[in-house]
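Survey of secondary and tertiary structure
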Amino acid sequence: MTTSEDPEPQAAFDATIARRDRIEPRDWMPDAYRKTLVRQIAQHAHSEIIGMQPEGAWIGSAPSLRRKAILLAKVQDEAGHGLYLYAACETLGVSRAELTDLLLAGRQKYSSIFNYPTPSYADVGTIGWLVDGAAICNQVPLCRTSYGPYGRAMIRICKEESFHQRQGYELLMTMMRGTEAQRAMVQESVNRFWWPVLMMFGPPDVQSPNSARSMAWGIKRNSNDELRQKFVDMTVPQADALGVTLPDPDLRWNEERGQHDFGEPDWEEFAAVVRGDGPCNAQRLRHRQAAHDDGAWVREAATAFAARAGAR
Ligand code: BYC
């Protein structure tokens, strides 16, 4: 067996990273690289699965068959994304069952954004437009991440995220062309989601303990602040086309920088949500635990079937 003290595999690993090539499951990798990947990919997988809840709550009350079919397809895609990502994690030697246990025990995180409530149907559109829009910004560079199975999963996920973003924007555009009350619903929803969406990119670079090492390893290709800026620049013209106001008095075009200036999210609120004290943390984990318990018979049946098929 090779160890990290053995210079040869370390040199091969370093050369692969320097060439911006992929590390594959069979390749030697430093323990800390493996751990960082498991942390990030598991957190990402959990986000997809917990992320089914805020929108899933609207499937039963979507206003038309067409809207219901779109929403069902989107929420099912998120289950699929979770599965690709758990599968990518399994190539690093950790099972989906172990990761689920860690999530339910509160020992692994999921994205802060899913701890906010969705009291209005417009939230379905806002999640598609802003949350999936932020996800695309963050995840397109991850298609070029240094770990092969993660990067390949991300390529498929990003294609589906584009559809998610479009359906959200189209829903909001339809509402903005509707009645005064519908326009007010959209604006109210955007007001609630704007700042939490900016927090999705993680803490500011100077307070991000993992960024430097993850970027040196090619796991992350851009810093949290770079991606947040890119998202703001991409979203402002979309908000104009939609006719909504983004709730930030400091948001304005900076001619010199060629980018928008914008205000600072409330990082204390972010810390509280990540700590477990957000508006819906307890509810989301309770729901996930109940779904896990309800599915116990499926796992038992699948295990028994596999054992019988193996015996045959
Ligand atoms: N929420 O050093 P940092 C989706 C944690 S799913 C919670 O910058 P890193 C969708 C961070 O984990 C979207 N925690 O970390 C699904 C770290 O704590 P630990 C999910 C956060 O990893 C369904 C600490 O703060 N996307 O789009 O270098 C429906 C310090 O942060 C958050 C992904 O998971 C947060 N927002 O960078 C609709 C993308 N931010 O782990 C849509 C993949 C930070 O040391 N992940 N923390 O205890 C990433 O790109 C990176 O992990 C992050 C954070 C940019 C999120």
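Residues numbered from 1 in each chain as written. Predicted model: local features only at pLDDT ≥ 70, side-chain atom pairs only at ≥ 80, totals over all residues. Heavy atoms only, no water.

As recorded in an unreviewed UniProt entry, the protein chain goes by 1,2-phenylacetyl-CoA epoxidase subunit PaaA and comes from Nonomuraea insulae.

Below, the discussion takes up the site of the ligand. Within the structure, the ligand sits among 34 residues, and Gln43, Lys109, Ser208, Lys220 and Asn224 are positioned closest to it. The separation between an oxygen atom of the ligand and a polar side-chain atom of Ser208 is 2.7 Å. Here an oxygen atom of the ligand and a backbone polar atom of Pro209 are 3.3 Å apart. The set of elements that each furnish at least two residues to the shell around the ligand consists of α2 (31–50), α6 (122–139) and α11 (267–277). Considering only residue class, the shell around the ligand consists of 13 nonpolar, 14 polar and seven charged. (Near = heavy atom within 4 Å. Polar contact = N/O pair within 3.5 Å; in protein donor to acceptor, adjacent residues only side chain to side chain. Helix = DSSP H or I, 4+ residues; strand = E, 2+ residues; numbered from the N terminus. Nonpolar A, V, L, I, M, F, W, Y, C, P; charged D, E, K, R; others polar.)

The contact between helix α7 (residues 148–176) and helix α10 (residues 224–242) brings their axes to 10 Å, and the two run at 30°. Regarding the angle of α7 to α10, the classification is roughly parallel. Where α7 abuts α10, its residues Gln165, Tyr169, Leu172, Met173 and Met176 lie against Gln238, Ala241 and Leu242. Of the residues contributing to the contact of α7 with α10, the split by class is six nonpolar, two polar and no charged. (Axes fitted to C-alpha atoms, helices over the stretch in contact; angles between N-to-C directions. Parallel < 35°, antiparallel > 145°, perpendicular 65-115°, else oblique. Contact = heavy atoms within 4.5 Å.)

Attention now goes to the side chain of His164. Relative to the assigned elements, His164 resides in helix α7. Relative accessible area serves as the criterion here: at 0%, His164 is assigned to the buried category. Once residues within four sequence positions are removed from consideration, His164 is found in contact with Lys74, Asp77, Glu78, His81, Gly128 and Asp132. (Buried < 20%, exposed > 50% of the residue type's maximum accessible area, 1.4 Å probe, protein only.)

The next point concerns α6. The end-to-end C-alpha distance of α6, which contains 18 residues, comes to 24 Å, matching closely the 26 Å that a straight helix rising 1.5 Å per residue would cover. Along its length, α6 reaches its greatest deviation from straightness, about 25°, at Gly128. Along α6, 17 of the 18 residues are buried, which leaves the element largely enclosed by surrounding structure. (Expected span 1.5 Å × (residues − 1). Bend = angle between axes of the 7 residues up to and from the residue.)

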